[in-house]
Amino acid sequence: MAIDEKELELRRKVAIGPRFLAHLGLLDYLGSVSARPHGSDRIWVDSAFGPENPSRLATKLRNVICMDLDGRVLEGDQDPTYEWRTHVEIYRARPDVGSVVHTHQKMAKAFGIVAREILPLLHIQSKIVAKPIPIFGSATFVSTNERARLLAQTLGDHYVCHLQNHGVVVVGRDVEEATINTISLEQLAEMNYITAVLGTPRVVPQADIEKLAAATTDLDTWTYYSHMVSTDDLE
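Residues numbered from 1 in each chain as written. Predicted model: local features only at pLDDT ≥ 70, side-chain atom pairs only at ≥ 80, totals over all residues. Heavy atoms only, no water.

Next up on the list: the packing of aromatic side chains. Overall, the coordinates contain five aromatic pairs when judged by the stated rule. Plain terms: the ring middles of Tyr82 and Phe141 are 5.3 Å apart, the flat faces sit at 85 degrees to each other, and that makes the pair edge-to-face. Here Tyr82 is found in the loop between strand E4 (73–75) and helix H2 (84–93), whereas its partner Phe141 is found in the loop between strand E6 (135–136) and helix H4 (145–155), with 59 residues between them in sequence. Note on Tyr82: relative accessible area 48%, which makes it partly exposed. (Phe/Tyr/Trp six-rings, centres within 6.5 Å; stacked < 30°, edge-to-face > 60°. Helix = DSSP H or I, 4+ residues; strand = E, 2+ residues; numbered from the N terminus. Buried < 20%, exposed > 50% of the residue type's maximum accessible area, 1.4 Å probe, protein only.)

Shown next, in the form of structure tokens:
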């Protein structure tokens, strides 16, 4: 498969995203990041944990494979992440989504376990919880197309979906937005926990959320977090 410069850059971002999410303690060995080229029916996704990909902190280009939405590997010689069906069914259901992240991050997962709403308490981050996060009511692996389709249906048009007693899926228009949304989710969960202990939290008004979402970009934030990790050894 011929890879042009735009797709090579996308593949690089799918390798870099797991590095800084793992560095921040949000992505473990079973988590995953993927991206879809605009208007395409194929995706780039990190490979399964194993001898060839033992640490998300050291994800390399060879650990990011290309596959179509039917699960056929088009580029790379490693197996895709175990729950790859989660990614492809969300892409099928959401033409607006250009990147999917699946994690088991602690604070966000805790809120899903107790079915407690994560309130919009932080100015820039709050767009992802402007609507209550839906909960996919199963803790088992999303290892079939049917389960993945049900998860995509539960996600609907939201940025985030809880997987009950399991983790979360987070989406965005591109890798930058999806990975930064993942970080924002944990920051929001932490602030919800802290403020619930201190008193009654005041939420960001919906009108302010909309103004902030229109006025901010994830590119600077991506640059900040991507510089936390080395990218000299991606090859």
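Turning next to the layout of surface pockets. Considering only enclosed or pocket space, the largest pocket measures out at about 620 Å³ in volume. Along the wall of the largest pocket there are 33 residues; nearest its centre are Lys127, Ile128, Glu177, Asn181 and Asp218. Listing elements by their share of the lining of the largest pocket, those giving two or more residues are strand E8 (167–172), helix H5 (175–198) and helix H7 (219–226). Top element by residues in the lining of the largest pocket is H5. It accounts for seven residues. Of the residues assigned to the lining of the largest pocket, the class counts are twelve nonpolar, ten polar and eleven charged. One number sums up the size of the second largest pocket: a volume of about 480 Å³. Considering the residues around the second largest pocket, the lining is formed by 20 residues, among which Leu10, Arg36, Pro37, His38 and Arg173 are closest to the centre. At the level of secondary structure, the elements contributing two or more residues to the lining of the second largest pocket comprise helix H1 (5–23) and H5. Counting residues per element, the lining of the second largest pocket draws most heavily on H1, at five residues. Looking at the lining of the second largest pocket, its residues break down into five nonpolar, four polar and eleven charged. (1 Å grid on protein atoms, 1.4 Å probe; cavity = no way out; pocket = protein on both sides within 12 Å on 5 of 7 lines; lining within 4 Å. Points joined across faces, edges and corners; volume = space filled by probe spheres on them. Nonpolar A, V, L, I, M, F, W, Y, C, P; charged D, E, K, R; others polar.)

Attention now moves to the pairing of strand E2 (residues 42–46). Of all five residues in E2, four are buried; the element is thus mostly enclosed. From the end of strand E1 (residues 32–35) to the start of E2, which pair antiparallel, there are six residues, and Gly39 there has a positive phi angle of about 75 degrees. With five bridges joining them, E2 and strand E3 (residues 64–68) adopt antiparallel strand pairing. Within E3, the residue paired with Trp44 across the bridge is Cys66. (Pairing = 2+ DSSP bridges.)

Buried together is how nonpolar side chains tend to be arranged in soluble globular proteins. Grouped together as the largest cluster of nonpolar side chains are 24 residues, with contacts concentrated most on Val14, Phe20, Leu21, Val33, Trp44, Val175 and Ile183. Counting only elements with at least two residues in this core, the list comes to H1, E1, E3, H5 and H7. Here the element with the most residues in this core is H1; it accounts for seven residues. Apart from the residues within four sequence positions on either side, Leu21 is in contact with Leu26, Leu27, Val33, Val101, Thr179, Thr182 and Ile183. Listed in part, the 21 residues of the second largest apolar core include Ile43, Ile90, Leu151 and Leu155. (Core = buried A, V, L, I, M, F, W, Y, C linked by side-chain atoms within 4.5 Å. Contact = heavy atoms within 4.5 Å.)

Quick look at the sheet that holds strand E5 (residues 99–103) now. With respect to topology, eight strands assemble into an open sheet ordered E4-E3-E2-E1-E5-E8-E7-E6, the strand pairing being mixed. The open sheet is flanked by E4 and E6, the only strands paired with a single partner. Taken together, the two bridges between E6 and strand E7 (residues 160–163) define a ladder with parallel strand orientation. What sits directly across from Ile135, in E7, is His162. Its contacts with the sheet place H5 against E1, E5, E7 and E8, and it is angled at close to 140 degrees to E8. (Axes fitted to C-alpha atoms, helices over the stretch in contact; angles between N-to-C directions.)

Remark: H1 packs on H7, axes separated minimally by 10 Å, with the N-to-C direction vectors making an angle of 65 degrees. Judged by the inter-axis angle, H1 sits roughly perpendicular to H7. Once H1 is placed against H7, the crossing between them reads as left-handed. On H7, the residues touching Lys13, Ile16, Gly17 and Phe20 of H1 are Trp222, Tyr225 and Ser226. A class-by-class count of the residues in the contact of H1 with H7 yields four nonpolar, two polar and one charged. (Parallel < 35°, antiparallel > 145°, perpendicular 65-115°, else oblique. Left-handed = near helix turned anticlockwise from the far one by under 90°.)

Function cannot be read off these values alone, since they describe shape.
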